[in-house]
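# Examination of the molecular architecture
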Amino acid sequence: MANINLNNKPTRTSGNLPNIGTTAKNFSLVGKELNEVTLDDFKGERIIMNIFPAIDTGVCSSSVRNFNAQAANLSNTKILCISRDLPFAQNRFCGAEGIENVVTLSDFISGKFGKDYELTILDGPFIHLLSRCVIVLDEEHKVLYTEQVADIGSEPNYMAALEVLKRP
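## Points about the packing of aromatic side chains
Under the criterion given, the structure shown has two aromatic pairs. Summarising the aromatic geometry, the rings of Phe 27 and Phe 113 are spaced 5.5 Å apart at their centres and angled 90 degrees between planes, so their arrangement reads as edge-to-face. Taken together, the positions of Phe 27 in the loop between β2 (9-12) and β3 (28-30) and Phe 113 in helix α3 (residues 112-116) put the pair 86 residues apart, joining distant regions of the chain. Looking at Phe 113, the relative accessible area reads 2%, which means it is buried. Through a chain of ring-to-ring contacts, three or more aromatic side chains come together here, namely Phe 27, Phe 113 and Tyr 117.

Laid out in structure tokens, this is it:
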């Protein structure tokens, strides 16, 4: 269980992020066309999973904008922005912001992604939402990097996530 904070108040997640070197679990999320999207759909591609509570909050929207800007410079890499928001909210946000370089995915139906990756928030005002974290995978979907952001109101370490993809 990871201990994180929201506005200097302790809260907890359902577990710990996957270990470096392990193979990421497959998932089934909802895409912008209300279609099923799985990790297997990205075979052979590197992945940055930008995971956050809600797209309409300041830090969450900033992370999507930041990774969207970075995505244009990355080869063979998909950035998946994952939350429990409805796909309609994700689409509205991306349309209004001109965001085209990331893939938005929703865990709204069952929360299974949050449970499987052990990052569901267990208490406090954001209960049942996904905690803010980043998971980077190689082409074989082995975990290269994880970050559980200690305070929900803080941004992830973008550079650390991107730097791991520059390593041979």
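## What about unusual backbone geometry?
With a phi close to 65 degrees, Asn 8 is a non-glycine residue in the positive phi region. By the secondary structure assignment, Asn 8 is in the loop between β1 (3-6) and β2. The residue Glu 118 is not glycine, and still its phi comes out positive at about 55 degrees. Within the element layout of this structure, Glu 118 appears in the loop between α3 and β8 (133-137). On the basis of relative accessible area, Glu 118 is assigned to the partly exposed category, the value being 32%.

## Comments concerning the nonpolar core
In terms of nonpolar packing, the biggest core is built from 21 residues, with Phe 27, Met 49, Ile 51, Ile 82, Phe 113 and Tyr 117 touching the most fellow members. The set of elements that each furnish at least two residues to this core consists of β5 (46-51), β6 (77-83) and β8. Excluding its chain neighbours within four sequence positions, the residues that come into contact with Tyr 117 are Asn 16, Leu 17, Pro 18, Ala 24, Lys 25, Phe 27, Leu 39, Met 49 and Ile 135. In terms of nonpolar packing, the next biggest core, distinct from the first, is built from 19 residues, Phe 93, Val 134, Tyr 158 and Leu 162 among them.

## Things to note about the pairing of strand β7 (residues 103-106)
Two faces, one strand: in a regular strand the side chains alternate between the faces of the sheet. Across four bridges, the pairing between β6 and β7 is parallel. Among the inter-strand pairings, Ile 82 is bridged to a residue of β7, identified as Leu 105. A crossover links β6 with its parallel partner β7, the connecting element being helix α2 (residues 87-97), and its sense is right-handed.

## Regarding a nonpolar patch on the surface
Where nonpolar side chains cluster on the molecular surface, the patch consists of Leu 34, Leu 86 and Phe 88 and spans about 310 Å² of accessible area. Checked against the element boundaries, Leu 86 lands in the loop between β6 and α2. Given the relative accessible area of 41%, Leu 86 is considered partly exposed.

## Description of the pairing of β2
Bridge count between β1 and β2: four bridges; the pairing is antiparallel. Residue Asn 3 lies in a different strand from β2, and its bridge partner there is Arg 12.

## Here we look at the environment of Thr 146
Looking at the element boundaries, Thr 146 is found in strand β9 (residues 143-148). Here the alpha-carbon distance between Thr 146 and Pro 18, two residues 128 residues apart in the chain, equals 7.5 Å.

## Some details on the environment of Met 159
Relative to the helices and strands, Met 159 is located in helix α4 (residues 158-163). Separated by 56 residues in sequence, Met 159 and Val 103 have C-alpha atoms that sit 20 Å apart.

## Re the side chain of Thr 38
Counting through the fold element by element, Thr 38 comes out in strand β4 (residues 36-38). Given a relative accessible area of 13%, Thr 38 falls into the buried group. Once residues lying within four places of it in the same chain are set aside, the contact partners of Thr 38 are Asn 26, Phe 27 and Ser 28.

The rules behind the values
Here the residue numbers are simple positions, counted from 1 along each chain's written sequence. Reporting of local features is limited, given that this is a predicted model, to residues whose pLDDT is at least 70; pairs of side-chain atoms are given and counted only at 80 or more, and all residues count toward the totals for whole chains, interfaces and linings. To obtain the side-chain values, all non-hydrogen atoms of the structure were used and water was disregarded. Between the rings of Phe, Tyr and Trp (Trp by its six-membered ring), a pair exists once the centres lie within 6.5 Å; its type follows the angle of the planes, with under 30 degrees stacked, over 60 edge-to-face, and the other angles tilted. Here a strand is any run of E in DSSP of at least two residues, a helix any run of H or I of at least four, and the numbering for each starts at the N terminus. The cut-offs for exposure are 20% and 50% of the maximum accessible area for each residue type, with area from a 1.4 Å probe on protein chains only; residues under the lower value are buried, those over the upper are exposed, and the others partly exposed. To define a nonpolar core, start from buried Ala, Val, Leu, Ile, Met, Phe, Trp, Tyr and Cys residues and group those joined through side-chain atoms within 4.5 Å. Any two residues whose heavy atoms approach within 4.5 Å at even a single point are treated as in contact. Here, a strand pair is defined by DSSP locating no fewer than two bridges between the strands. Handedness of a crossover: with both strands directed away from the viewer, a clockwise path from the first strand across the helix to the second marks it as right-handed. Surface patches are defined over residues having more than 30% relative accessible area and no salt bridge, joining like charges when they lie within 9 Å and nonpolar side chains (Val, Leu, Ile, Met, Phe, Trp, Tyr) when within 5 Å. Method for areas: the Shrake-Rupley scheme with a 1.4 Å probe, in which residue coverage is limited to the protein chains shown. We define a salt bridge as a side-chain nitrogen of Lys or Arg found within 4 Å of a carboxyl oxygen belonging to Asp or Glu.

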